[in-house]
Amino acid sequence: MREKKIYVLAILGTILMVATMYDILVAMPDEAQQGPIGKMLLVHVPAAFAAFTFYGVAVWNSIKFLVKKDFHADSLAVSNIEVAQVFTLINLVTGSLWGHIIWGIWWTWDFRLTSQFMCFMLYLGYLLMRPAVSDATQRATMSAILAILAVADIPLVFFAIRLRDARMQHPSPVLETGKMDPSWWPPFLLMWVVYLLIGGALIMLRLRQETVRREMDSLRRELHAM
Amino acid sequence: MKRDLLAALFIARKDLRTEFRTKEALNAAVSFALVVLVLFSFAFDLERSELYDISGGLLWIIFLFAGSLIVNRSFTREVPNDCLDVLVASPVPAWALFLGKSISSFTLLMVVELISLPFYGLFNNIIWMKTFWPHFGLMLLTTWGITVTGVAFSAVTVNVRLRELMLPVLHYPLLIPLLIGAMEMSTALLRGDAVDNGPNLRLVAVFDAIFTALSLYLIEFILVT
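Cut-offs and rules
- Residues numbered from 1 in each chain as written.
- Chains lettered and ligands numbered in written order.
- Predicted model: local features only at pLDDT ≥ 70, side-chain atom pairs only at ≥ 80, totals over all residues.
- Heavy atoms only, no water.
- Helix = DSSP H or I, 4+ residues; strand = E, 2+ residues; numbered from the N terminus.
- Buried < 20%, exposed > 50% of the residue type's maximum accessible area, 1.4 Å probe, protein only.
- Contact = heavy atoms within 4.5 Å.
- Axes fitted to C-alpha atoms, helices over the stretch in contact; angles between N-to-C directions.
- Parallel < 35°, antiparallel > 145°, perpendicular 65-115°, else oblique.
- Left-handed = near helix turned anticlockwise from the far one by under 90°.
- Nonpolar A, V, L, I, M, F, W, Y, C, P; charged D, E, K, R; others polar.
- Core = buried A, V, L, I, M, F, W, Y, C linked by side-chain atoms within 4.5 Å.
- Salt bridge = Lys/Arg side-chain N within 4 Å of Asp/Glu carboxyl O.
- 1 Å grid on protein atoms, 1.4 Å probe; cavity = no way out; pocket = protein on both sides within 12 Å on 5 of 7 lines; lining within 4 Å.
- Points joined across faces, edges and corners; volume = space filled by probe spheres on them.

**Section: the overall build of chain A**
In terms of helices and strands, chain A carries six helices and zero strands. Going from the N terminus to the C terminus, chain A shows its helices and strands as α-α-α-α-α-α. Principal-axis analysis of the C-alpha atoms gives chain A an extent of 70 × 45 × 25 Å. Scored against the burial criterion, the 226 residues of chain A give a buried share of 50%. Within chain A, residue pairs in contact and separated by at least 24 positions form 80% of the contacts whose partners lie at least 6 positions apart.

Take a look at the structure:
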């Protein structure tokens, strides 16, 4: 049943992605001031939104694990964080490509870029730590704690850099200034849905792997006890 | 509550007494701070005014590296002879145990910082005495932030393979906002800039408050597991 769901999500996501990418790359006119690279926004920002959605689900499940000691919540948390990391990377790479063409530099320590990069680093630590803990309960507890500490830190990174240099370097047509043309909203939202569908399929795939691994661990423990 | 706080102080006193008997972490941290100081002197061949521009950053990187050696030991010192299990099983609540460990690590790191600061001024020709007291206040606040998060991560990584490697990987990214605030303020103080340090001070204080509260709450889950 779960396998079917994975296929449905992946196929739906792929079809929608091809259609949306065709719309973005071929059908839509270029951005008036930036030219074709301006359309990067439609790939770059939804990736960040998708990443935050998955991080949010992961942190919620981390809290759930600490409260209920439900290992399914831990599996959901790690699956979501892994997929969120992929979307964060897409966001960082596409942003960097855009920056290279528009700003003439690959990177700047602006508050958005830095907080996104730190988010990536903090959860990379989370993923690096997991294999280093052998006991399943301990691994899940430590991971949940790390996920919570990391999420508390990210707004502080954002405000720290903003405090250091209040000049806005990163454009914000979507959330703050609202300059994005209304005709860009449908492909923007569709791209977000595409990421959620593909991300959802990947999460379900990882969830299955985690469940199998947990079962194998418990069988191994039983075998040792015999 | 009062009894638990007394227990926390008792644990801090135990840790400090153990450390001052052997001085293992203290000697290593001070030596390490000096080595980093010397390396920085060669790495940056700067004019005096330029050196003041990066003075805050240099100072806090030295303190941070030395601090890693101190906080790394806070829980691992209890691993031999299963002392950690005994401490967890004792009638002291987990938060009091954590608070005691944080107080002892904080004291040790402050000692390392106070020993390293004159050498930092001496090797880099930076005058630090003029603004010592406001800087001391900043050191207290920032060191508490480094310590409280470091001790929490030390507890998290106590049973982790490659814990010496994992601790900085987990700890340093978390400290970025705290260090940004501290570095900005230290540079302004050492340069003698007449700037408003209020926002940076608030940032450091908010970081301390959030992570002290979170660590005190979450430590129960870490230690009981």
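Next comes the rest of the write-up.
**Some words on the packing of helix H3 (residues 71–102) of chain A against helix H5 (residues 136–164) of chain A**
Residues and elements named next belong to chain A. Where H3 meets H5, the axes come as close as 10 Å, and the angle between the chain directions of the two elements is 50°. Classified by the interaxial angle, the pair formed by H3 and H5 is oblique. Read as a crossing pair, H3 and H5 show a hand that is left-handed. Residues Phe 71, Asp 74 and Ile 81 of H3 form the contact with H5, whose own contacting residues are Ala 136, Thr 137, Ala 140, Ser 143 and Ala 147. Here the contact of H3 with H5 is built from residues that sort into five nonpolar, two polar and one charged.

**Brief notes about the nonpolar core**
Counting residues in each nonpolar core, the largest one holds 131 residues, and the members touching the most others are A:Tyr123, A:Tyr126, A:Met129, B:Trp60 and B:Tyr120. Counting residues per element, this core draws most heavily on H5(A), at 16 residues. Excluding residues that lie within four positions of it along the chain, A:Tyr123 makes contacts with A:Tyr55, A:Val59, A:Ile81, A:Gln85, A:Ala147, A:Ala150, A:Val151 and A:Ile154.

**Re the pattern of salt bridges**
All names here are of chain A. As enumerated under the stated definition, the model contains 18 salt bridges over all chains in all. A salt bridge links Glu 3 to Arg 208; the shortest N-O distance between them is 2.3 Å. Here Glu 3 is found in helix H1 (residues 2–27), whereas its partner Arg 208 is found in helix H6 (residues 185–225), with 205 residues between them in sequence. Residue Arg 208 is classed as partly exposed on the basis of its relative accessible area, which comes to 32%. Residue Asp 74 is joined to Arg 130 by a salt bridge in which the shortest nitrogen-to-oxygen separation is 3.0 Å. Linking Asp 74 in helix H3 with Arg 130 in the loop between helix H4 (111–129) and H5, this pair joins segments that are 56 residues apart in sequence. Classification of Asp 74 by relative accessible area gives buried; the value is 7%. Since its relative accessible area comes to 6%, Arg 130 is described here as buried.

**Quick word on empty space enclosed by the protein**
Under the defined criterion, the tally for this structure stands at three cavities of 30 Å³ or more. Counted as a void, the largest cavity has a volume near 60 Å³. Along its surface, the largest cavity is lined by A:Phe71, A:Asp74, A:Ser75, A:Arg130, A:Ala136, A:Arg139, A:Ala140, A:Glu210, A:Arg213, A:Arg214 and A:Asp217. For the lining of the largest cavity, the secondary-structure elements that each account for two or more residues are H3, H5 and H6 of chain A. With four residues, H6(A) is the largest single contributor of residues to the lining of the largest cavity. In terms of residue class, the lining of the largest cavity is built from three nonpolar, one polar and seven charged. Within this model, the second largest cavity holds a volume of roughly 50 Å³. As for the second largest cavity, its lining consists of A:Leu122, A:Tyr126, A:Leu146, A:Leu149, A:Ala150, B:Phe153, B:Val169, B:Leu170 and B:Leu174. Secondary-structure elements contributing two or more residues to the lining of the second largest cavity are H4 and H5 of chain A together with helix H8 (163–191) of chain B.

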